[in-house]
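Each chain, written out:
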Amino acid sequence: MSLVTNDYKLKIIELKKKRGATILAHNYQRPEVQDIADYVGDSLGLSTNAARTEQETIVFCGVHFMAETASIICPDKVVLIPDLEAGCSLASTIDGAQLKKWKSEHADAVVVSYVNTSAEIKAMSDYCCTSSNAVKVVNSIPKDRKVLFLPDMFLGAYVADVTKRKNMFIWPGECHVHAGIRAEDVNRMLSKFKDADFLIHPECGCTSSSLYHSSNGDILKRPYVLSTEGMMNHAKASNASKYVIATEVGILHRMTKENPSKTFIPIKEDAICKYMKMITLEKVYDSLTKNIYRVKVPQKIADRARLAIDRMLQLN
Ligand code: SF4
């Protein structure tokens, strides 16, 4: 660790105590940012922690829609994101006008939005979901109701497969990082690491084809399709000594830290989210000293979006 990095870490830890701030970091954040966080986790864990925290200020080390979710859940708190440009290629695949048009084509459908959406989209949805609870959310909807699932097509295809639901319509959105993980990558790594557990995120471009190939016996063993937090739990509980991880590489830091005797191998070294990596220690420090950048969702949108988030949280 460089002196500069260590200096920033010490200053941030001191500042957050002085300011009464809590730092929440997503599993895909840079290792040094994860190390100064009070909580590191997936979208669902970050939302529940934001709701629970007693601190006045939340510094959200993640992408913009996540900070918006924290602002929706905790309207009285100061929510800061260290870089306003930290967006999400998946969330930006659908806007309010597109959803309005889609809803008008499917009257009476129930809208389920993955948490990777803007506050505006959440406000137009009936339910929110994360990759940990998407199956549970869709299963809670009466079978005879149509479902519009957005915006991730791979997660949608996975949920439709697991729930065996035929009346589910899926928005054709994708995340550039996960879409880049293909079935060829899985097959190559499966033959190279035959004794490893394979952990695949449901947003990956390889998920649907991996499930298909594994049920046909084309690949050696069935991969575990898990949210990032599910991956963490699996890595702790499994007896395997090696794991091939198909999601953004940032999670390997936490996996290795919490399971030092096990080996974690990224399915692709370049599965990197440039938006997540925009948050640096320097920017976290600036955020705490200059009170930047405040994320505040307008009350009308926040109130409607909160209903969709609360429906999801009630199912957990
Ligand atoms: S990894 Fe993909 S879904 Fe996650 S924040 Fe980055 S672009 Fe969005």
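Keep in mind that this is a model prediction, so the values were computed, not measured.

Draft legend 1. Expanded view of the packing of helix α3 (residues 43–52) against helix α4 (residues 64–73). Contact geometry for α3 and α4: axes closest at 9 Å, N-to-C directions at 35 degrees. Considering how the two elements wind past one another, α3 and α4 form a crossing that is right-handed. Between α3 and α4, the contacting residues are S43, L46, S47, A50 and A51 on the first element and M66, T69, A70 and I73 on the second.

Draft legend 2. Molecular detail of the nonpolar core. One finds F60, C61 and A246 to be the most contacted residues of the largest nonpolar core, which totals 95 residues. Residue contributions to this core peak at 6 residues, all from α4. F60 has contacts with L24, M66, A67, A70, V79, L80 and I81, leaving out every residue within four places of it along the chain.

Draft legend 3. Layout of the site of the ligand. Neighbouring residues of the ligand: 14 residues in total, closest C88, L90, C175, V177 and C273. Looking at which domains feed residues into the shell around the ligand, each of domain 1 (3–87 + 276–297) and domain 3 (177–266) supplies at least three.

Draft legend 4. The arrangement of the environment of L199 in detail. By secondary structure assignment, the location of L199 is in strand β9 (residues 197–200). Judged by the 25 C-beta atoms lying within 10 Å of it, L199 is buried. Separated by 38 residues in the primary sequence, L199 and D161 place their C-alpha atoms 18 Å from one another. Each residue touching L199, except ones within four places of it in the same chain, is listed here: Y224, L226, M231, H234, Y243, I245 and A246.

Rules used in this analysis
Residues numbered from 1 in each chain as written. Predicted model: local features only at pLDDT ≥ 70, side-chain atom pairs only at ≥ 80, totals over all residues. Axes fitted to C-alpha atoms, helices over the stretch in contact; angles between N-to-C directions. Helix = DSSP H or I, 4+ residues; strand = E, 2+ residues; numbered from the N terminus. Left-handed = near helix turned anticlockwise from the far one by under 90°. Contact = placed C-beta atoms within 7 Å. Core = buried A, V, L, I, M, F, W, Y, C linked by C-beta atoms within 7 Å. Buried ≥ 20, exposed ≤ 12 C-beta atoms within 10 Å, placed from the backbone. Near = placed C-beta within 6 Å. Domains from an automatic or database assignment.

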